[in-house]
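Survey of secondary and tertiary structure
Listed here are the chains, written in short residue letters.
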Amino acid sequence: MTASSKQNISLDEWEGKMSEVPIAKSDLNQLIMNYLIIEGYKDAAEKFSEESGLKTKVDLGSIEERMQIRFAVQSGDIKGAIERVNDLNPDILDTDPRLYFHLQQQHLIELIRLGRAEEALEFAQEELAPHGEEHPELLRELEKTMALLAFDFGGSSGGSNGVAVGGLLDFAHRQKTANELNAALLAAHSQPREPKLPALLQLLAWTQEQLDEKATYPRINNIVSAVLSDPAAEHSTPGTGAGASASASTA
Amino acid sequence: MADTAAASGAEHSNYVAQLGSSDPEEVYGALRTIKNSVIGSSTKKALYMRLDVVAAVSAVLTSAQTSVASRIQATAIVGSLARSRSAGAAAAGGLAARGVVAALVRQLSAGTDARLVEASERALHALLAHSETLAAGGGAEDALVAQVLGIIGGGAGGDSQAGARAVIRLELAVLIVARLCVSEARQYMVANTGVIDALVRQLGRSPAHVRLQAATLQALAALSYENAEICAALAEVGGGGGGGGVAAAAVRLARADDALVRLHACRVAANLSRMRALAAGDVQAVVVPALVRLVRAPAAAAAAGAGAAGADVGADVGVEAVQALGYVCHEDADVQAAARAAGAIDALVGRLAAAWAAAQGDFGDAARFAREARAAFLALGTVVSTNEESRRAAVDAGAFAHIVRALGHGDAGVRAAACLCARYIVRSVAICRTHAADAGLLRPLVGLLRDASSDVQATAAATLVNLLSDFSPLRADALRLGLLPTLAALLDAAAPAVRRNALWAVRNLLVNVDDATRAAVVEAVGMARLLALSEGADAAMREHAVGALRNVAADSAAGCDAVFAARGPAATLALLAALAARPDAPADRAVLVHALYLANNIVVRSDAHRAAVAAHVPLVQAVVAHVASRAPEVAVAALWCVSSVAAGGAGDAGGGAGLRLLRRLGVAQVLARLLADPALPLEVQDRVKGCMDYFGGAEPGPDAASA
């Protein structure tokens with residue numbers, strides 16, 4: 001579809017249509033509260049609840065326990081995290097072999113990171129290998145993790161040997177494990193596993209991509225500022241391509 | 001490495017020993033260490049069980065001196081051991097035998113520390129997954145039900161921390177109720193406590209408590225499974241939030257956001273539907289499509305699942321949805337049609353394809369594949385069992401390829417399920433004549449007649465029953481594959497189902513065959529054996545044996561001769577008379593009908609034996625007695641026999657003797673009375689009129705032989 005065949009929607013028209021969509025403040029507050037609770041911002045959630053008058057059925061005290069567990073994983077104290085989870089709800093790790101495996105895997109990674117190779121090898125043999133035997137679907141991941149012992153990463157996350165495997169040593173992997181555990185703890189309390197706001201932002205990006213093919217419209221090019229670009233202003237800029245008008249909007 | 005392992009083993013042994021310490025701190029420390037070792041690890045569970053941790057933990061829990069903190073740890077260990085895949089049952093039995101169940105039930109009582117109550121519920125829920133628990137538990141059910149009912153009846157709090165944990169305890173209590181309903185007696189025991197009203201109230205809770213909603217539905221499903229009375233009671237109970245009672249709530253929640261809620265709502269609805277306590281429209285329009293969506297989207301279900309993360313829950317939800325779909329479709333043509341319309345056939349075949357793909361390679365999970373495949377084949381077979389269009393759809397979707405592959409699988413359950421699926425598909429004459437021949441089903445099926453599993457043998461034989469009908473091009477191939485001696489051998493199998501289906505296959509093999517094939521079948525099976533089976537104690541065997549005899553005599557004089565060959569004319573006629581003289585009871589009706597047609601076939605086909613049959617007074621009397629039967633199929637069979645005997649007439653070998661005998665027995669009057677009956681079924685009326693033709697003329701002259 002060429003630029004000339006696309007529908008043109010002006011800023012005024014767009015804003016007019018947006019104002020017709022009924023969005024209750026309480027719904028927006030729920031979205032924010034949902035984000036604060038799931039991501040574990042207990043103090044912020046309490047303050048927000050106070051200021052907005054929004055009462056949540058979620059036990060805000062449980063956020064503290066969940067965040068302590070998350071912090072333990074993010075700090076590399078996997079054993080500590082496991083003990084806390086078992087104190088909170090012993091069913092979780094007993095009934096989720098994949099999660100348990102990922103926590104054990106992370107513990108193994110931490111041992112390798114600290115250079116405790118022999119201890120890591122014993123741990124892998126005693127804890128991870130039997131687990132993989134019982135759950136064959138996890139064996140591929142186990143293979144990848146054991147490759148860390150085969151290559152000398154010297155405590156670093158990269159290196160020329162097996163970059164894909166070395167990614168396990170990234171601190172981002174701790175975050176991934178922490179997120180997985182957090183989601184399981186939320187699910188155990190009948191709470192959503194992920195906040196809705198990021199999904200909404202992804203939906204916004206996707207929707208705009210779809211709409212880009214069909215219309216020129218006031219686009220949000222910066223989700224931080226959320227300013228609507230004026231399509232009329234973009235078209236009036238002479239002899240520039242899309243890149244130039246985007247940077248003009250951003251400025 | 002060996003030293004380290006030994007040291008580690010000694011360490012674990014020490015922890016178990018410390019459980020007997022008089023120092024409470026030491027006991028607590030050991031319990032906590034053991035707990036954190038066994039949770040999540042099957043190896044550690046097995047290790048500690050070898051170190052007799054069951055006895056040690058049982059002693060801790062049954063001791064009055066144990067502190068609350070230690071009890072919580074010990075209770076968590078109990079739950080974890082019970083969840084062991086390989087040794088959970090043994091652990092449960094051992095714990096129950098040592099009084100742990102009773103101890104846990106005591107820990108549920110009012111006033112107990114809330115964390116201990118929750119831990120006890122978790123442990124009891126895990127223990128009750130094993131039948132060993134209540135068998136060895138020393139009659140703790142009543143106390144358990146009372147405690148659990150107290151928790152359910154107490155409800156849960158509001159928004160406080162106490163409220164949030166209370167919801168968890170409520171959920172666990174409801175799950176315990178579900179676990180208790182493992183038999184009809186237990187269902188009634190639980191229902192009689194009044195828990196149904198409490199559960200129905202729970203259904204009205206806000207959708208925020210999805211786990212509680214799912215657990216409540218699970219409990220209602222367990223309570224109502226295969227229980228018409230409880231289903232009727234549930235259908236009458238009002239409330240359940242949203243109005244309309246449990247049935248309406250189940251249908252509404254079949255559209256819920258959460259996959260587990262949808263699944264268990266569908267299971268409740270399926271139970272009500274099977275017991276005719278739910279409107280057919282709701283089942284077809286809502287429940288079946290919801291189940292098909294669950295079958296189709298295990299990954300989506302995993303994302304929405306409130307339980308454990310990942311593909312494990314999604315797969316379990318998917319398998320349970322498949323089982324529920326098969327259950328709701330069982331013997332209900334309308335529901336099966338709705339399932340087809342909702343895409344069930346493609347969804348089930350798709351699951352089979354995905355299961356095969358997942359099982360490939362070094363990391364395939366054989367146990368998971370077996371579970372998936374069994375469920376999918378059984379459900380697919382049920383969905384297509386009564387409808388021709390559904391069977392064609394299954395063939396078009398590629399079901400045969402999966403079936404043939406599964407017939408050679410290592411798991412007997414998979415082989416049997418695949419046979420069952422094939423059996424229902426080849427009920428289709430068209431498919432038997434075309435696709436079945438090309439699919440390569442025959443050879444593996446004949447091979448499975450010699451399977452080590454009697455279930456597989458029985459279902460393979462049942463499939464061959466359908467596959468080897470007279471219109472099937474596979475008959476000749478089957479005989480070339482050595483089918484006859486195998487079937488003959490199966491007539492002596494230990495399992496009754498194997499014997500019955502083998503004889504049934506023999507019976508079908510005898511329909512519309514040439515003399516050579518008939519002779520081969522009779523020789524392989526043995527006429528004496530067939531005659532003996534027709535008098536045996538097993539009703540199904542009698543039916544198939546007499547049916548086989550009927551088929552032997554149906555096409556030719558040689559067949560009739562074969563029937564008489566084993567025992568001689570007098571004994572065979574006496575047997576035939578005894579069979580025809582059976583009272584017309586529904587359980588034995590099929591035998592009677594076959595016997596009447598057997599007599600008819602002999603009269604029609606065999607010049608040599610016609611006169612003997614026509615002159616056998618007890619036999620003819622027995623036939624005449626059934627002419628006025630209320631069962632149309634019996635009356636029609638008897639009337640055909642009467643027609644055939646009467647048709648002898650002057651000039652035949654019997655010289656009209658049959659007709660004279662019939663007149664003496666008052667058949668003409670019986671026929672006249674029947675014709676005058678306005679309620680006489682049409683098919684019987686037609687036969688009566690046909691018979692009357694023989695009785696309209698003058699009495700035939702005296703028999704030349706007798707003169």
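Nothing here was measured: the structure is a model prediction, and the numbers come from that model.

Notes on the overall build of chain A
Looking only at helices and strands, chain A has 14 helices and two strands in total. In chain A, the share of contacts with a sequence separation of at least 24, taken over all contacts with a separation of at least 6, comes to 56%. Carbon together with sulfur atoms contributes 56% to the accessible area of chain A, which is approximately 13,500 Å² in total.

Some thoughts on the overall build of chain B
Along its length, chain B carries 45 helices and zero strands. Each principal axis of the C-alpha atoms in chain B carries an extent, and together these give about 115 × 60 × 45 Å. The buried share of chain B, taken over its 707 residues, is 56%. Partitioning the intrachain contacts of chain B with sequence separation of at least 6 by distance along the chain shows that 71% fall at a separation of at least 24. Surface accessibility of chain B: about 26,700 Å² in total, with carbon and sulfur atoms responsible for 54%. Positive and negative side-chain charges in chain B, numbering 62 and 61 respectively, have mean positions lying 1 Å apart.

Things to note about the pattern of salt bridges
Here the idea is simple: oppositely charged side chains can pair when their charged atoms come close. For the coordinates displayed, the defined rule picks out 40 salt bridges over all chains. The partner of Arg 500 of chain B in a salt bridge is Asp 538 of chain B, with the nearest N and O atoms 3.2 Å apart. Linking Arg 500 of chain B in helix H33 (residues 496-509) with Asp 538 of chain B in the loop between helix H35 (527-534) and helix H36 (539-554), this pair joins segments that are 38 residues apart in sequence. By sharing partners, the salt bridges in this structure join Asp 91 and Asp 94 of chain A together with Lys 45, Arg 83, Glu 118, Arg 122 and Arg 165 of chain B into a single network.

Some points on unusual backbone geometry
All names here are of chain B. The residue Asp 52 is not glycine, and still its phi comes out positive at about 60 degrees. Its place among the elements puts Asp 52 in the loop between helix H3 (42-50) and helix H4 (53-62). On the basis of relative accessibility, which here comes to 41%, the residue Asp 52 falls in the partly exposed class. Here Glu 226, not a glycine, exhibits a phi torsion of approximately 55 degrees, which is positive.

With respect to the UniProt feature "domain: CTLH" (unreviewed entry) in chain A
Here, the residues flagged by UniProt with the feature "domain: CTLH" (unreviewed entry) are residues 62-119 of chain A. For residues 62-119 of chain A, helix accounts for 84% and strand for 0%, while the C-alpha atoms at its two ends are 34 Å apart.

Some points on the side chain of Ser 41 of chain B
Looking at the element boundaries, Ser 41 of chain B is found in the loop between helix H2 (24-38) and H3. Classification of Ser 41 of chain B as buried rests on a relative accessible area of 4%. When neighbours within four sequence positions are excluded, Ser 41 of chain B is seen to be in contact with Tyr 100 and Glu 127 of chain A.

Examining empty space enclosed by the protein
Residues and elements named next belong to chain A. Considering all chains together, one arrives at six cavities of 30 Å³ or more under this definition. Quantified by volume, the largest cavity comes out at close to 60 Å³. What lines the largest cavity is simply Ser 62, Glu 65, Arg 66, Leu 88, Leu 185, Leu 186, His 189 and Gln 191. Of all elements in the fold, only helix H4 (61-74) and helix H11 (171-188) reach the threshold of two or more residues within the lining of the largest cavity. The greatest single-element share of the lining of the largest cavity, amounting to three residues, is contributed by H4.

A word on the nonpolar core
Counting residues in each nonpolar core, the largest one holds 247 residues, and the members touching the most others are Leu 325, Ile 403 and Ile 425 of chain B. When residues no more than four places from it in sequence are discounted, the contact partners of Leu 325 of chain B are Val 288, Leu 291, Val 292, Val 295, Ala 339, Ala 344 and Leu 348 of chain B. In terms of nonpolar packing, the next biggest core, distinct from the first, is built from 19 residues, Ile 69, Leu 93, Ala 178 and Ala 188 of chain A among them.

Concerning helix H38 (residues 568-580) of chain B
Residue and element names in this part refer to chain B. In this model, H38 (13 residues) spans 18 Å end to end at C-alpha, consistent with the 18 Å of a helix rising 1.5 Å per residue. Three or more residues of H38 are buried, namely Gly 568, Thr 572, Leu 573, Leu 575, Leu 576, Ala 577, Leu 579 and Ala 580. If you follow the buried residues of H38, they end up packed against H35, H36, helix H37 (557-565), helix H39 (589-605), helix H40 (607-615) and helix H41 (617-625).

Observations concerning the packing of H38 of chain B against H41 of chain B
Residue and element names in this part refer to chain B. It is the contact of H38 with H41, at a shortest axis distance of 8 Å, that shows an interaxial angle of 20 degrees. Here H38 is positioned roughly parallel relative to H41, judged by the angle of their axes. At the point where H38 passes H41, the crossing takes the left-handed sense. Residue-level contacts link Leu 573, Leu 576, Ala 577 and Ala 580 of H38 to Pro 618, Leu 619 and Ala 622 of H41. For the contact of H38 with H41, the class distribution of residues is seven nonpolar, no polar and no charged.

With respect to the interface of chain B and chain A
Contacts between chain B and chain A engage 44 residues on the former and 35 residues on the latter. Interface of chain B and chain A: buried area, both sides summed, is about 3,600 Å²; carbon and sulfur atoms make up 44% of it. For the chain B face of the interface with chain A, the top three residues by lost area are Ile 39, Arg 83 and Phe 363 of chain B, together amounting to 19%. For the pair chain B and chain A, the interface holds nine salt bridges. Here Glu 83 of chain A ties to Arg 32 of chain B by a salt bridge, and the two come within 3.6 Å at their closest N and O atoms. Counting the contacts that link chain B with chain A gives 13 residue pairs in polar contact (both at pLDDT 80 or more). Those elements that provide at least two residues to the side of chain B that touches chain A are helix H1 (2-18), H2, H3, helix H5 (68-82), helix H8 (114-127), helix H11 (161-180), helix H14 (210-224) and helix H20 (311-329) of chain B.

Here's the deal with the side chain of Thr 459 of chain B
The topology assignment puts Thr 459 of chain B in helix H30 (residues 454-467). Among all residues touching Thr 459 of chain B, those that are not within four sequence positions of it are Ala 416, Cys 419 and Leu 420 of chain B.

Section: the packing of aromatic side chains
The tally for this structure, following the rule as stated, stands at four aromatic pairs over all chains. Ring centres of Tyr 35 of chain A and Tyr 41 of chain A lie 6.3 Å apart, and the angle between their planes is 25 degrees; on these two criteria the pair is classed as stacked. Of the residues examined, Tyr 35 of chain A reaches a relative accessible area of 27% and is grouped as partly exposed. Here Arg 274 of chain B stacks its cationic end above the ring of Tyr 327 of chain B, 4.3 Å away from the centre of that ring.

With respect to the packing of helix H42 (residues 632-646) of chain B against helix H45 (residues 682-695) of chain B
Residues and elements named next belong to chain B. For the pair H42 and H45, the least separation of the axes is 9 Å and the interaxial angle reads 20 degrees. Viewed along their axes, H42 and H45 adopt a mutual orientation that is roughly parallel. When the axes of H42 and H45 are compared, the crossing they make is left-handed. Contact residues: Pro 632, Ala 635, Val 636, Leu 639, Trp 640, Val 642, Ser 643 and Ala 646 in H42; Glu 683, Val 684, Arg 687, Val 688, Cys 691, Tyr 694 and Phe 695 in H45. In terms of residue class, the contact of H42 with H45 is built from twelve nonpolar, one polar and two charged.

Observations concerning the UniProt feature "repeat: ARM" (unreviewed entry) in chain B
Mapped onto this numbering, the UniProt entry annotates "repeat: ARM" (unreviewed entry) at residues 440-467 of chain B. For residues 440-467 of chain B, the helix share is 75%, the strand share is 0%, and the end-to-end C-alpha distance is 12 Å.

What to know about H5 of chain B
Here H5 of chain B spans 21 Å end to end across 15 residues, near enough to the 21 Å set by a 1.5 Å rise per residue. Most of H5 of chain B sits out of view: 13 of its 15 residues are buried.

Section: a nonpolar patch on the surface
Together, Val 21, Ile 23 and Leu 28 of chain A line one region of the surface with nonpolar side chains, adding up to about 280 Å² of accessible area. Here Leu 28 of chain A is to be found in helix H2 (residues 25-39).

What about the confidence of the model for chain A?
All names here are of chain A. With 86% of its residues at a pLDDT of at least 70, chain A reaches an overall mean of 82. Put simply, helix H14 (residues 242-250) is where chain A has its lowest mean pLDDT, 25, and helix H5 (residues 78-88) is where it has its highest, 96. Between residues 155-161, whose pLDDT stays under 50, and residues either more than four places distant or in other chains, the model counts nine contacts. Here residues 236-251 is modelled with pLDDT under 50, and outside its nearest four sequence neighbours on either side it reaches four contacts, counting other chains as well.

Some remarks on the environment of Ala 147 of chain A
All names here are of chain A. One can find Ala 147 in helix H9 (residues 139-150). Overall, the relative accessible area of 17% leaves Ala 147 in the buried class. Residues Ala 147 and Val 165 lie 18 residues apart in sequence; the distance between their C-alpha atoms is 7.0 Å.

Some points on the confidence of the model for chain B
All names here are of chain B. On average, residues of chain B score 88 in pLDDT, and 91% of them are at 70 or above. Throughout residues 157-161 the model reports pLDDT below 50, and contacts reaching past four residues in sequence, or to other chains, amount to eight contacts. Between residues 703-707, whose pLDDT stays under 50, and residues either more than four places distant or in other chains, the model counts three contacts. Here the prediction assigns the complex a pTM of 0.81, and the interface score ipTM is 0.78.

What counts, and at which threshold
Residues numbered from 1 in each chain as written. Chains lettered and ligands numbered in written order. Predicted model: local features only at pLDDT ≥ 70, side-chain atom pairs only at ≥ 80, totals over all residues. Heavy atoms only, no water. Helix = DSSP H or I, 4+ residues; strand = E, 2+ residues; numbered from the N terminus. Contact = heavy atoms within 4.5 Å. Areas by Shrake-Rupley, 256 points an atom, 1.4 Å probe, with all protein chains shown as cover. Buried < 20%, exposed > 50% of the residue type's maximum accessible area, 1.4 Å probe, protein only. Lys, Arg positive; Asp, Glu negative; His and termini not counted. Charge placed at Lys NZ, Arg CZ, Asp CG, Glu CD. Salt bridge = Lys/Arg side-chain N within 4 Å of Asp/Glu carboxyl O. UniProt positions renumbered as here; feature names shortened; annotations may be inferred. 1 Å grid on protein atoms, 1.4 Å probe; cavity = no way out; pocket = protein on both sides within 12 Å on 5 of 7 lines; lining within 4 Å. Points joined across faces, edges and corners; volume = space filled by probe spheres on them. Core = buried A, V, L, I, M, F, W, Y, C linked by side-chain atoms within 4.5 Å. Expected span 1.5 Å × (residues − 1). Axes fitted to C-alpha atoms, helices over the stretch in contact; angles between N-to-C directions. Parallel < 35°, antiparallel > 145°, perpendicular 65-115°, else oblique. Left-handed = near helix turned anticlockwise from the far one by under 90°. Nonpolar A, V, L, I, M, F, W, Y, C, P; charged D, E, K, R; others polar. Buried area = accessible area lost by both parts, 1.4 Å probe. Polar contact = N/O pair within 3.5 Å; in protein donor to acceptor, adjacent residues only side chain to side chain. Phe/Tyr/Trp six-rings, centres within 6.5 Å; stacked < 30°, edge-to-face > 60°. Lys NZ or Arg CZ within 6 Å of the ring centre and 35° of its normal. Patch = residues over 30% accessible without salt bridge, like charges linked within 9 Å, V, L, I, M, F, W, Y side chains within 5 Å. pLDDT = per-residue confidence, 0-100.

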